[in-house]
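Single-letter residue listing:
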Amino acid sequence: GEGLPRPEQTRVMVVANQKGGVGKTTTTVNLAASLALHGARVLVIDLDPQGNASTALGIDHHADVPSIYDVLVESKPLSEVVQPVPDVEGLFCAPATIDLAGAEIELVSLVARESRLQRAIQAYEQPLDYILIDCPPSLGLLTVNALVAGAEVLIPIQCEYYALEGLGQLLRNVDLVRGHLNPNLHVSTILLTMYDGRTRLASQVADEVRNHFGDEVLRTSIPRSVRISEAPSYGQTVLTYDPGSSGALSYFEAAREIALRGVGVRYDVQHAHAGA
Ligand code: ADP
Ligand code: MG
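About the criteria used
- Residues numbered from 1 in each chain as written.
- Chains lettered and ligands numbered in written order.
- Predicted model: local features only at pLDDT ≥ 70, side-chain atom pairs only at ≥ 80, totals over all residues.
- Helix = DSSP H or I, 4+ residues; strand = E, 2+ residues; numbered from the N terminus.
- Buried ≥ 20, exposed ≤ 12 C-beta atoms within 10 Å, placed from the backbone.
- Contact = placed C-beta atoms within 7 Å.
- Pairing = 2+ DSSP bridges.
- Axes fitted to C-alpha atoms, helices over the stretch in contact; angles between N-to-C directions.
- Parallel < 35°, antiparallel > 145°, perpendicular 65-115°, else oblique.
- Left-handed = near helix turned anticlockwise from the far one by under 90°.
- Nonpolar A, V, L, I, M, F, W, Y, C, P; charged D, E, K, R; others polar.
- Expected span 1.5 Å × (residues − 1).
- UniProt positions renumbered as here; feature names shortened; annotations may be inferred.
- Near = placed C-beta within 6 Å.
- Arc of directions from axis to C-beta.

In terms of regular secondary structure, the protein chain is built from 11 helices and seven strands. If you line up the protein chain on its principal axes, its C-alpha atoms span 50 × 40 × 35 Å. When the 276 residues of the protein chain are sorted by exposure, 52% land in the buried category. Look at the contacts in the protein chain between residues 6 or more apart in sequence, and 78% of them connect residues 24 or more apart.

Dropping the structure here:
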């Protein structure tokens, strides 16, 4: 799976949607693994106190492990908390531990509270092609730190009723952060997740999302797949858990599409096997 173009600069992608259960974490870890399998060097930053991304990548994140909490609150260098992901060459993770739950409040009284993650990333010297940040299901200071640190927002949207509800709040926050703290920030990517092509509802939602967002929506969508939901309990992404499954193939394809878009190459839909 080598040979995809690599970005000239590290692409920092913020995976955000304040709704829970829409596929943020699943998308973060599986896209990250896919990009790494395509030959890129990728860092996942787990910014959710639940630590689901860390778990899914098989990364130890019990309370004593150096974590993104130490980076944000104690100004520990990012390099001191990053761990290599077992089984996937080129993939790394900055884990979240449960103390991150307190960071939302602890950050309030710290200087430059919105830009602590940005500074940590800027000081990180290892070469990376991508950083994917898995956000918690809220729009508090943790998510704001991600939006200040990144240039691109990736919004996973679950194909269900009310899929677009609540997105206005996220988009307004993106506008606010762009206006005040990070002029580069933009919504670059929308990914339809848990897509069930057999239902009218899913295709109606997909149409609605495509009408609303246009070109930001990836041609590749992610099907609902049991293998995707099983993989985290084995500390694996679906890319290593079941590489031939439809879920693995669709994330691999979505990663290819993201990589090609990043260098301005039009994605050839003929190659998409799972387009909505
Ligand atoms: P979030 O991070 O937005 O809260 P998750 O990525 O944790 O959402 O996904 C919520 C639940 O849905 C998890 O149990 C996950 O395993 C499951 N899930 C996510 N994507 C898929 C999919 N494509 N097919 C089946 N289950 C999925
Ligand atoms: Mg999550």
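For the rest of this paragraph, the subject is the pairing of strand E7 (residues 186–193). Bridging between strand E6 (residues 152–158) and E7 involves seven bridges; their strand directions are parallel. Within E7, the position partnered with valine 153 by the bridge is valine 187.

Here the focus is the packing of helix H6 (residues 141–149) against helix H7 (residues 167–180). Viewed as axis vectors pointing N to C, H6 and H7 meet at an angle of 55°, and their least axial separation amounts to 10 Å. Taken as axis vectors, H6 and H7 run oblique relative to one another. The hand of the H6/H7 crossing is right-handed. Facing H6, whose interface residues are Val144, Leu147 and Val148, H7 presents Asn173, Val174 and Val177. Taken together, the residues that form the contact of H6 with H7 break down as five nonpolar, one polar and no charged.

This next bit is on helix H1 (residues 24–37). When the terminal C-alpha atoms of H1 are compared, their 20 Å separation across 14 residues agrees well with the 20 Å that a helix rising 1.5 Å per residue should span. Counting buried positions over the 14 residues of H1 gives 14, a clear majority of the element. Just beyond H1, the residue with positive phi is glycine 39, at close to 105°.

What follows covers the UniProt feature "domain: AAA" (unreviewed entry) in the protein chain. According to UniProt, the feature "domain: AAA" (unreviewed entry) maps to residues 11–186 in the numbering used here. Taken end to end, residues 11–186 has its terminal C-alpha atoms 12 Å apart, with 36% of it in helix and 16% in strand.

What follows deals with the site of ligand 1. Around ligand 1, the surrounding shell holds 17 residues, and the nearest of these are Lys24, Thr25, Thr26, Ile228 and Ser229. For the shell around ligand 1, the elements supplying multiple residues, two or more each, are H1 and helix H9 (226–230). With three residues, the single largest contributor to the shell around ligand 1 is H1. For the shell around ligand 1, the per-class residue count stands at five nonpolar, 10 polar and two charged.

Here the focus is the sheet that holds strand E4 (residues 91–94). Think of a sheet as strands paired side by side through backbone hydrogen bonds, with each pair either parallel or antiparallel. A sheet is described by the order of its strands in space; here seven strands give the open sequence E3-E4-E2-E5-E1-E6-E7, paired in mixed fashion. Of all strands in the sheet, those with a lone pairing partner are strand E3 (83–84) and E7, marking the two edges.

Right, let's get into H7. Between its terminal C-alpha atoms H7 stretches 20 Å, which fits the 20 Å expected from 14 residues at 1.5 Å a residue. Of all the positions in H7, only Leu167, Leu170, Val174 and Val177 are classed as buried. Angular distribution of buried residues about the axis of H7 spans 85°; they occupy a single face of the element. Exposed positions of H7 whose direction lies more than 90 degrees from the buried face are Gly168, Gln169, Arg172, Gly179 and His180. Residues of H7 that are buried make contact with H6, E6 and E7.

Looking at the element boundaries, leucine 132 is found in strand E5 (residues 130–134). Separated by 135 residues in sequence, leucine 132 and tyrosine 267 have C-alpha atoms that sit 21 Å apart. Every residue in contact with leucine 132, bar those within four places of it in the chain, is listed here: Met13, Val15, Thr28, Leu31, Ala32, Val42 and Val44.

Two measures define how a pair of helices packs: the angle their axes make with one another and the distance between the axes. For the pair H1 and helix H11 (residues 246–262), interaxial distance at closest approach is 8 Å and the crossing angle is 70°. Judged by the angle between their axes, H1 and H11 are roughly perpendicular. Remark: the crossing between H1 and H11 carries right-handed chirality. Taking contact as the criterion, the partners of Asn30, Leu31, Ser34, Leu35 and Leu37 in H1 are, on H11, Tyr251, Phe252, Ala254, Ala255 and Ala259.

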